[in-house]
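Results of the structural survey
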Amino acid sequence: MGKDRMQNGYGSGSEPGSPNGHHPFREHKQASRQSSTELFDLASKVMLIGDSGVGKTCLLVRFKDGAFLSGSFISTVGIDFRNKVVDVDGTKVKLQIWDTAGQERFRSVTHAYYRDAHALLLLYDVTNKASFDNIRAWLGEINEYAQEDVVIMLLGNKSDSTADRVIRTEDGEKLAKEYSVAFMETSAKTGMNVDLAFMAVARDLKMKKTRKPTEPKFNVADYVNQEKKTGGCCS
Amino acid sequence: MAGKSSLDNVTQSKVDGYGFERDGDFDHSSYDEFMSRYLAILSRRSIRWSGIVSKKNRVPRSRKVKRYCRKGIPNEHRPMVWMCVSGAQESMASSPLLYQTILKSQHDESTVEAITIDLHRTFPDNIYFSANGNLRGPLFNVLIALSHKNSDQGYCQGVNFVAGLLLLIVKNEEKVFWLLDTLMNDILPDFYAPDMKATQAEQELLGEIIKWKAPDLHAHLKKMDIQWCLVATKWFLCLFADVMPVETTLRIWDCLFYEGDKILLRVAAMLIIQNKDQFLRCRTFTETMDFFKQIVNNPKITDCHAFLQKCFTELGPFPKAKIKALREECMQGVK
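Every chain begins its residue count from 1, and numbering advances along the sequence as written. As a convention, the first chain written is A and the first ligand written is 1, with the rest following in written order. Where local features are concerned, this predicted model is filtered to residues with pLDDT of at least 70; where side-chain atom pairs are given and counted, the filter is 80 or more; whole-chain, interface and lining totals use all residues. The basis for every side-chain value is the complete set of heavy atoms in the structure, and neither hydrogens nor water enter the calculation.

Looking at an unreviewed UniProt entry, one finds chain B named Growth hormone-regulated TBC protein 1 and attributed to Mizuhopecten yessoensis. Taken directly from UniProt, the Function (unreviewed entry) text for chain B runs: "May act as a GTPase-activating protein for Rab family protein(s)." UniProt positions are given in the numbering used here, feature names are shortened, and annotations may be inferred rather than shown by experiment.

Naming follows an unreviewed UniProt entry, where chain A appears as small monomeric GTPase of Mizuhopecten yessoensis. The UniProt entry for chain A carries the following text under Cofactor (unreviewed entry): "Mg(2+)". Its UniProt record gives chain A the following Sequence similarities (unreviewed entry) comment, quoted word for word: "Belongs to the small GTPase superfamily. Rab family."

Looking at the overall build of chain A
Working definition: helices are DSSP H or I runs of at least four residues, strands are E runs of at least two. Numbering for both runs from the N terminus. Counting secondary structure elements, chain A contains 7 helices and 6 strands. For chain A, the α and β elements follow one another from N to C terminus as β-α-β-β-α-β-α-α-β-α-β-α-α. Relative to its full complement of 235 residues, chain A shows a buried share of 52%. Throughout, a residue-residue contact means that at least one pair of heavy atoms, one from each residue, lies within 4.5 Å. In chain A, 71% of the contacts between residues at least 6 apart in sequence involve partners at least 24 apart. The Shrake-Rupley method, run with a 1.4 Å probe, gives the accessible areas here. Residue values count only the displayed protein chains as cover. Roughly 10,500 Å² of accessible area belongs to chain A as shown, and the carbon and sulfur atoms make up 47% of that amount. The classification of residues rests on relative accessible area computed with a 1.4 Å probe and restricted to protein chains. Under 20% of the type maximum is buried, over 50% is exposed, and intermediate values are partly exposed.

Here we look at the overall build of chain B
Scanning chain B for helices and strands turns up 20 helices and 0 strands. Relative to the compact-globule value of 20 Å for 335 residues, chain B shows a C-alpha radius of gyration of 20 Å, a close match. Seen through its principal axes, chain B has C-alpha atoms that stretch 60 × 55 × 40 Å. Scored against the burial criterion, the 335 residues of chain B give a buried share of 56%. Pairs at least 24 apart in sequence give 74% of the contacts found in chain B among residues at least 6 apart. As a reference, a globule follows 2.2 Å times the number of residues to the power 0.38, and the radius of gyration itself is taken over C-alpha atoms.

Here's the deal with the pairing of strand β6 (residues 182-185) of chain A
The two faces of β6 of chain A match: Ala-182 and Met-184 of chain A on one face and Phe-183 and Glu-185 of chain A on the other face are all buried. Note that the unit made of strand β5 (residues 151-157) of chain A, helix α5 (residues 169-178) of chain A and β6 of chain A has a crossover that is right-handed. With the strands aimed away from the viewer, a crossover counts as right-handed if its path from the first strand over the helix to the second runs clockwise.

Focus on a negative patch on the surface
Residue and element names in this part refer to chain B. Grouping into patches uses exposed residues only, defined as over 30% relative accessible area, and leaves out salt-bridged ones; the cut-off is 9 Å for like charges and 5 Å for nonpolar side chains (Val, Leu, Ile, Met, Phe, Trp, Tyr). Within this document, salt bridges are pairs made up of a side-chain nitrogen of Lys or Arg and a carboxyl oxygen of Asp or Glu, the two lying within 4 Å of each other. His is not counted, nor are the chain ends, whereas Lys and Arg count as positive and Asp and Glu as negative. Note on charges: their place is set at NZ of Lys, CZ of Arg, CG of Asp or CD of Glu. The grouping of Glu-21, Asp-23, Asp-25, Asp-27 and Asp-125 at the surface amounts to a negative patch. With respect to the helices, strands and loops of the structure, Asp-25 is situated in the loop between α1 (2-12) and α2 (28-50). Of the residues examined, Asp-25 reaches a relative accessible area of 64% and is grouped as exposed.

So, a positive patch on the surface
Residue and element names in this part refer to chain B. A grouping of Arg-44, Arg-48, Arg-61, Arg-63, Lys-64, Lys-66, Arg-67, Lys-71 and Lys-320 is seen on the molecular surface, where their side chains present a positively charged patch. Put simply, the parts of the chain that give the positive patch at least two residues each are α2 and α3 (63-71). Ranked by the residues each element gives to the positive patch, the list is headed by α3, at 5 residues. With respect to the helices, strands and loops of the structure, Arg-48 is situated in helix α2.

Quick look at the packing of aromatic side chains
All names here are of chain B. Note on aromatic contacts: the rings of Phe and Tyr and the six-membered ring of Trp form a pair at centre separations within 6.5 Å, being stacked when their planes are under 30 degrees apart, edge-to-face when over 60 apart, and tilted otherwise. Inspection of every chain in the model, using the stated rule, returns 26 aromatic pairs over all chains. Between the aromatic rings of Phe-34 and Tyr-38, the centroid separation amounts to 4.9 Å while the plane-to-plane angle is 20°, which identifies the pairing as stacked. Taken together, the residues Phe-34 and Tyr-38, both in helix α2 and 4 residues apart, mark about one turn of the helix. Judged by its relative accessible area of 2%, Tyr-38 falls in the buried class.

Side note on the domain arrangement of chain B
All names here are of chain B. Here chain B is partitioned into domain 1 (17-76), domain 2 (92-187) and domain 3 (197-333). If you average the C-alpha positions of domain 1 and of domain 3, the two centres end up 23 Å apart. Listed per partner, the contact involves 18 residues of domain 1 and 15 residues of domain 3. Where domain 1 touches domain 3, the interface holds 2 salt bridges. Note: domain ranges come from an automatic or database domain assignment.

Observations concerning the UniProt feature "domain: Rab-GAP TBC" (unreviewed entry) in chain B
With numbering matched to this structure, UniProt assigns "domain: Rab-GAP TBC" (unreviewed entry) to residues 72-260 of chain B. A helix fraction of 66% and a strand fraction of 0% characterise residues 72-260 of chain B, whose end C-alpha atoms lie 15 Å from each other.

Set out below in structure tokens:
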């Protein structure tokens with residue numbers, strides 16, 4: 001695996017925060033500051049988008065810290081960042097995850113950053129019809145501002161809330177199919193499919209960077225279909 | 001010894017004086033160290049203030065009061081002084097029935113929903129805003145009334161934190177409503193408008209101020225691809241509530257209600273400039289962004305008295321005309 005690893009991350013694209021995409025990584029991070037000594041081979045910018053209250057921050061905290069503390073979340077104002085380095089078959093991929101405010105007025109601030117995102121996790125809440133109905137508008141926005149090859153994953157969150165559910169799994173599947181995007185239902189509360197959503201993105205990046213021309217292309221949608229858990233049981 | 005034990009009550013408790021639960025990693029010792037000094041300052045300020053607060057419980061606007069506000073308003077006088085110096089008191093007196101009338105009227109459904117979503121996401125770590133607390137109702141009332149009165153601005157996320165902290169201090173929802181109304185219309189016009197242009201321009205303006213006061217730092221941050229709206233959106237929309245320690249935020253608001261928006265720029269610029277050396281050592285975008293998170297809450301900031309003093313003494317003048325010209329330029333630049 002080691003030979004696939006790119007030296008110091010050079011050549012693997014831009015530092016994910018760079019809106020102009022002209023800065024290569026500057027070496028492995030300085031060892032002088034203890035919080036930033038982690039090493040990585042590839043870096044990827046992932047954005048969490050979707051209506052207010054669908055659980056973007058919860059999903060991120062579940063992924064980052066493995067925790068879900070009901071009643072401890074605050075509304076996100078503006079944009080927040082968290083990093084996590086994950087291992088994809090021996091390659092260290094740093095996910096720089098941008099968590100955004102969901103309220104419509106914040107889109108004028110956030111959509112400027114779609115452009116250099118490698119992946120967009122677009123969330124709705126299976127217990128909130130309006131958040132599902134707005135997905136088309138969000139996809140329109142993505143179409144306008146994001147790169148053409150951006151990975152889009154539609155996530156129906158709060159899938160553990162069986163009693164309050166108003167959007168059926170099939171509805172999400174159908175919409176995802178119509179727009180040819182990957183889809184699964186997630187639960188930040190139970191953890192179902194949360195790691196998979198982020199790991200699929202990391203895997204996609206790794207494949208994009210290391211695939212040999214003779215090998216078949218990696219398809220995120222097929223990958224998550226194969227790996228995802230369904231229904232409310234055994235996550 | 002009585003003094004010592006009451007200090008212990010303040011510093012050692014798991015919940016602070018405003019009802020916020022302290023993290024497990026709360027730095028009791030540096031807070032203790034700061035509070036033992038600050039309590040003496042507070043009691044000195046309290047004596048000074050009692051000399052200018054009139055029998056009618058009013059305070060006029062004057063150079064002296066402005067200076068006093070910069071040095072901090074004692075908590076017991078805060079609601080009254082904020083109401084008087086901001087003009088909110090006058091607005092409330094001229095429309096005494098408005099708040100109750102609005103509450104009884106029909107509300108826009110989507111606004112009700114937007115606010116409801118945020119009620120349990122506003123200071124959940126505060127005992128008064130937790131599920132068993134008694135302030136979620138007043139918070140809803142204040143926010144819905146505010147959005148109703150200012151329907152062109154509507155409800156903007158971020159205001160929930162400002163309203164929440166005001167409720168904790170002022171303890172009267174009608175007064176909180178008028179303070180917020182004054183903020184939205186007089187002190188920070190268009191800050192909470194749906195197009196967010198004024199807020200975005202204000203952040204560009206912060207960049208211009210850094211460029212003016214610390215050009216080398218500005219150049220470095222630019223090289224790191226830092227964009228001002230990534231840094232300061234929450235600072236400005238929440239007026240530092242839920243960003244900085246409560247006591248420091250309140251000291252900023254003491255100035256904000258008297259002298260207006262410039263204090264936000266001063267504070268934001270000071271936050272960045274006082275950490276210049278560390279910023280210059282950050283080598284990547286991520287590292288720099290991580291560091292931005294650390295500069296708002298540390299012992300340097302907890303010592304609100306020293307920090308506020310620094311904001312006024314170490315940054316040099318902020319001439320009104322220059323700020324106005326820069327702001328107009330920034331406004332032009334926002335798409």
